[in-house]
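Examining the three-dimensional arrangement
For reference, the chains in residue letters:
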Amino acid sequence: PGRLVDVGGRRLHLYCDGAGEGPTVILRAGGGIPAVASYALQDSIAGFARVCSYDRAGLGWSEPATNALGLVAQAEDLERLLAAEGIDGPLVLAPESFGALIALTFAERNPARIAGIAFIDGSEPGTWFATIARQPRWRSRLQELGMHLGWRTGAVRLLLPRLEPAWVEALSHTRRAQFRAVFSRPNS
């Protein structure tokens, strides 16, 4: 629904909507969640402000990175994405869950551009990393393997309408189709 923007050899998906004279709101979905999960919120915000969401590398409609990206590299991706589109600020960052870590890193690197941060169930860095360190590595590998097998066999596409959150049914037909399309294909 948005645009694929070059951020240095690969493209990230950016979707902006709305208008307003105040700051631009930047939505950042959590963890391995593509931006399409926040489109209902984006539609609401677009009624009074300019609002943008984006898919991190390998999620949604964005192309994958050639190697794993740490927090600084993900903040740099956001910097390049916004620069390529001429979105300077002021910005209100609205991250969800793991997205808070990226937003905080971005804000530390770009304090003059930030008008505010509105955390949506945001994760505090110390708590996030301590929790990840306590999780058995085999469990996350097993979950990842199960999801990839589900995508490759078509099981995710078949089961998604029965497993998706209830709020998906409240979306418009177009938004529901976008949600299902993104979640039915493998993440990189």
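Everything below is about the structure shown above.
Conventions adopted
- Residues numbered from 1 in each chain as written.
- Predicted model: local features only at pLDDT ≥ 70, side-chain atom pairs only at ≥ 80, totals over all residues.
- Heavy atoms only, no water.
- Helix = DSSP H or I, 4+ residues; strand = E, 2+ residues; numbered from the N terminus.
- Buried < 20%, exposed > 50% of the residue type's maximum accessible area, 1.4 Å probe, protein only.
- Contact = heavy atoms within 4.5 Å.
- Areas by Shrake-Rupley, 256 points an atom, 1.4 Å probe, with all protein chains shown as cover.
- Expected span 1.5 Å × (residues − 1).
- Disulfide = S-S within 2.5 Å.
- Salt bridge = Lys/Arg side-chain N within 4 Å of Asp/Glu carboxyl O.
- Core = buried A, V, L, I, M, F, W, Y, C linked by side-chain atoms within 4.5 Å.
- Phe/Tyr/Trp six-rings, centres within 6.5 Å; stacked < 30°, edge-to-face > 60°.
- Lys NZ or Arg CZ within 6 Å of the ring centre and 35° of its normal.
- Axes fitted to C-alpha atoms, helices over the stretch in contact; angles between N-to-C directions.
- Parallel < 35°, antiparallel > 145°, perpendicular 65-115°, else oblique.
- Left-handed = near helix turned anticlockwise from the far one by under 90°.
- Nonpolar A, V, L, I, M, F, W, Y, C, P; charged D, E, K, R; others polar.

Some details on the overall build of the protein chain
- Looking only at helices and strands, the protein chain has 7 helices and 6 strands in total.
- Mapped in sequence order, the helices and strands of the protein chain form the string β-β-β-α-β-α-β-α-β-α-α-α-α.
- By the burial criterion, 39% of the 188 residues in the protein chain qualify as buried.
- For the protein chain, the share of sequence-separated contacts (at least 6 apart) that also reach a separation of at least 24 residues comes to 72%.
- For the protein chain, the accessible surface area stands at approximately 10100 Å², while carbon and sulfur atoms represent 57% of it.

Quick look at helix H3 (residues 99-109)
- Burial analysis of H3 places 8 of its 11 residues in the buried class, the great majority of the element.
- Of the positions making up H3, those classed as buried are Gly99, Ala100, Leu101, Ile102, Ala103, Thr105, Phe106 and Ala107.

So, helix H2 (residues 71-84)
- Spanning 14 residues, H2 covers 20 Å between terminal C-alpha atoms, matching the ideal 20 Å at 1.5 Å per step.
- All of the buried residues along H2 are Gln74, Ala75, Asp77, Leu78, Glu79, Leu81 and Leu82.
- Buried residues belonging to H2 abut strand E1 (3-6), strand E2 (11-17), strand E3 (24-28), strand E4 (51-54), strand E5 (91-95) and H3.

Description of the state of the cysteines
- As enumerated under the stated definition, the model contains 1 disulfide in all.
- The side chain of Cys16 participates in a disulfide bridge whose partner is Cys52; the two sulfur atoms lie 2.1 Å from each other. Given an S-S torsion of about 110°, the disulfide between Cys16 and Cys52 has right-handed geometry. Of the two residues, Cys16 is situated in strand E2 and Cys52 in strand E4; the sequence distance between them amounts to 36 residues.
- By relative accessible area, Cys16 is classed as partly exposed at 27%.

A closer look at the pattern of salt bridges
- Counted by the stated rule, this structure contains 6 salt bridges.
- A salt bridge links Glu63 to Arg11; the nearest nitrogen and oxygen atoms lie 2.9 Å apart. One end of the pair, Glu63, is in the loop between E4 and H2; the other, Arg11, is in strand E2, with 52 residues separating them in the sequence.
- Linked by salt bridges that have partners in common, Arg10, Asp77 and Arg80 make up one network.

Section: the nonpolar core
- Ile26, Leu81, Leu93 and Phe106 are the most contacted members of the largest nonpolar core, which has 22 residues in total.
- For this core, the secondary-structure elements that each account for two or more residues are E2, E4, H2, E5 and H3.
- With 8 residues, the next largest nonpolar core counts Tyr15, Ala35, Tyr39 and Val182 among its residues.

What to know about the packing of aromatic side chains
- Enumeration according to the criterion identifies 1 aromatic pair in this entry.
- With a centroid separation of 5.1 Å and an interplanar angle of 55°, the aromatic rings of Tyr15 and Tyr39 are classed as tilted. Of the two residues, Tyr15 is situated in strand E2 and Tyr39 in helix H1 (residues 39-45); the sequence distance between them amounts to 24 residues. You'll find Tyr15 and Tyr39 in the same group, each marked buried.
- Sitting over the ring of Tyr54, Arg28 keeps its end group 5.0 Å from the ring centre.

Things to note about the packing of H2 against H3
- As a packed pair, H2 and H3 sit with axes 9 Å apart at the nearest point and diverge in direction by 70°. Taken together, H2 and H3 sit at an angle that is classed as roughly perpendicular. H2 and H3 meet at a crossing whose hand is right-handed. On H3, the residues touching Leu71, Val72, Gln74, Ala75, Glu76, Leu78, Glu79 and Leu82 of H2 are Leu101, Ile102, Thr105, Phe106 and Arg109.
- Tallied by class, the residues present in the contact of H2 with H3 amount to 8 nonpolar, 2 polar and 3 charged.

Keep in mind these numbers describe shape, not what the thing actually does.
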